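Understanding the architecture of this molecule
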Amino acid sequence: MLSRLTRPRALAVCALPVVGLLATAVFAPLPFSVAQPGMTANVLGENKGSEVITISGAPVRETRGQLRMTTIEATSPDTRVSLPDVVDSWFRTDQAVMPRDSVYPGGGDVREIERHNEEQMKQSQDAATEAALDYLGLDDKDVRVALKLADVGGPSAGLLFSLGIIDKLDGDGTGGDLTGGRVIAGTGTIDAAGKVGAVGGVALKTQAARRDGATVFLVPEAECGDARAELPKGLRLIPVKTLKGTVAALEALETGKGSVPRC
């Protein structure tokens with residue numbers, strides 16, 4: 001014998017699976033990472049007690065100013081990010097939700113990702129050195145460059161490494177500093193030919209840069225829009241595409257001669 005459910009009870013029974021699905025969706029892990037502004041480091045100076053750039057085989061200049069590479073800090077690849085975390089970060093300017101694959105390309109476990117980032121950093125350092133020495137017309141057989149940046153992986157410091165090498169060896173080419181004594185920050189990959197590439201997370205990196213005293217930020221041209229989105233007051237953006245163009249922009253900024261690109 002079957003008994004009929006009253007309408008309220010029937011609605012309640014039907015709603016249970018929906019409630020269960022919603023609860024699962026809310027608390028299920030999502031393929032995202034939550035990122036925020038990270039540390040910055042002056043490549044012309046020391047980081048954690050060691051010189052970031054060490055050069056032998058050529059005279060090295062005393063430099064003023066700073067060239068600060070920038071980072072983001074993201075939740076680890078094994079951290080569970082749920083819908084409430086995403087919603088909370090969506091309404092904050094000091095956090096961003098990013099696809100986990102864009103933060104940790106290649107996937108794998110934590111150790112595999114660390115190895116991948118270390119390899120990318122090494123390749124970036126080699127390319128940055130080659131690009132800088134080629135720009136200066138120097139042979140890497142005569143000039144030896146060692147780059148050391150503790151606890152940072154990935155390729156996004158390449159541009160700043162190249163600029164740091166150039167500033168230490170040649171400055172602005174007339175005896176002055178490439179920085180003009182300013183605190184200049186930036187981001188961007190670089191290849192051996194001196195081409196600057198996009199990196200991601202630039203809106204957070206501009207916040208880190210301004211927090212640490214920068215007044216100028218070098219951004220890959222393709223990411224101007226992202227950099228403008230949450231641009232801190234008092235920070236000037238300079239879009240860049242090549243190492244040669246970046247040096248020219250910094251020289252124009254210092255001398256007032258020539259044009260300085262704008263986003």
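Everything that follows concerns the structure shown earlier in this document.
Report follows, based on the coordinates. Counting from 1, residues in each chain are numbered in the order their sequence is written. The predicted nature of this model means local features are confined to residues of pLDDT at least 70 and side-chain atom pairs, given and counted, to a pLDDT of 80 or more, with totals for whole chains, interfaces and linings taken over all residues. Excluding hydrogens and water, the side-chain values take into account all heavy atoms of the structure.

1. Describing unusual backbone geometry
Put simply, the rule is: Runs of E in the DSSP output that reach at least two residues are strands. Runs of H or I that reach at least four are helices, and both are numbered from the N terminus. Working definition: with a 1.4 Å probe on protein chains only, accessible area under 20% of the residue-type maximum means buried, over 50% means exposed, and in between means partly exposed.
A positive phi angle, close to 55 degrees, is found at lysine 48, a residue other than glycine. Structurally, lysine 48 is set in the loop between β2 (46–47) and β3 (50–51). Taking relative accessible area as the criterion, lysine 48 reaches 62% and is therefore assigned exposed.

2. Some remarks on helix α5 (residues 158–169)
Put simply, the rule reads: Helix span, expected: 1.5 Å multiplied by one less than the number of residues in the helix.
Here α5 spans 17 Å end to end across 12 residues, near enough to the 16 Å set by a 1.5 Å rise per residue. With 12 of 12 residues buried, α5 is to be regarded as a mostly interior element. Of the residues making up α5, those classed as buried are Gly158, Leu159, Leu160, Phe161, Ser162, Leu163, Gly164, Ile165, Ile166, Asp167, Lys168 and Leu169. Two residues or fewer past α5, glycine 171 is found with a positive phi of approximately 60 degrees.

3. Concerning the pattern of salt bridges
Opposite charge on two side chains makes pairing possible when the charged atoms of those side chains draw close. For the record, the criterion: We define a salt bridge as a contact between a side-chain nitrogen of Lys or Arg and a carboxyl oxygen of Asp or Glu at a distance within 4 Å.
Taken as a whole and judged by the stated rule, the model has 8 salt bridges. The residue aspartate 126 makes a salt bridge to lysine 122 at a minimum N-O spacing of 2.8 Å. Placement of the pair is aspartate 126 and lysine 122 together in helix α4 (residues 110–136), with a separation of 4 residues, close to one helical turn. Residue lysine 122 is classed as partly exposed on the basis of its relative accessible area, which comes to 46%. Between arginine 211 and aspartate 212 there is a salt bridge; the shortest N-O distance is 3.0 Å. The exposure class of arginine 211 is partly exposed, given its relative accessible area of 48%. The partly exposed category is assigned to aspartate 212, whose relative accessible area is 28%. One connected set of salt bridges, linked through shared partners, spans Arg61, Arg64, Asp167 and Asp177.

4. Some details on the side chain of glutamine 207
We count it as follows: In what follows, residue pairs with any heavy atoms lying within 4.5 Å of each other are defined as contacts.
By secondary structure assignment, the location of glutamine 207 is in helix α6 (residues 202–211). In contact with glutamine 207, other than residues within four places in its own chain, are Pro37, Thr93, Asp94, Glu230 and Pro232.

5. As for a negative patch on the surface
Using the following cut-off: Residues with no salt bridge and a relative accessible area higher than 30% make up the patches, which join like charges within 9 Å and nonpolar side chains (Val, Leu, Ile, Met, Phe, Trp, Tyr) within 5 Å. All accessible-area figures derive from a Shrake-Rupley calculation using a 1.4 Å probe, and residue coverage is judged against the displayed protein chains alone. The charge count treats Lys and Arg as positive and Asp and Glu as negative. His and the chain ends do not count. Where a charge lies is defined by one atom per residue type, namely NZ (Lys), CZ (Arg), CG (Asp) and CD (Glu).
Taken together, the side chains of Glu130, Asp134, Asp139, Asp140 and Asp142 define an acidic patch exposed on the protein surface. Within the secondary structure, aspartate 140 sits in the loop between α4 and β7 (144–147). Overall, aspartate 140 belongs to the partly exposed group, its relative accessible area being 41%.

6. Overview of the sheet that holds strand β8 (residues 183–186)
For clarity, the threshold we go by: In short, DSSP must find at least two bridges between two strands for them to pair. Note on method: axes are straight lines fitted to C-alpha atoms, helices fitted across the in-contact stretch only, with angles between N-to-C directions ranging 0 to 180 degrees.
A sheet is described by the order of its strands in space; here 6 strands give the open sequence β6-β1-β5-β8-β11-β12, paired in mixed fashion. At either end of the open sheet lies a strand with only one pairing partner, and these are β6 (96–99) and β12 (236–240). Averaged over all neighbouring strand pairs, the angle between strand axes comes to 40 degrees, with direction disregarded. Inspection of the sheet shows strand β1 (residues 32–42) paired to strand β5 (residues 66–74) by 6 bridges, in the antiparallel sense. In the strand pairing of β5, threonine 40 is matched with threonine 70. Lying on the sheet, α6 is in contact with β1, β5, β6, β8, β11 (216–220) and β12; it crosses β1 at an angle near 35 degrees.

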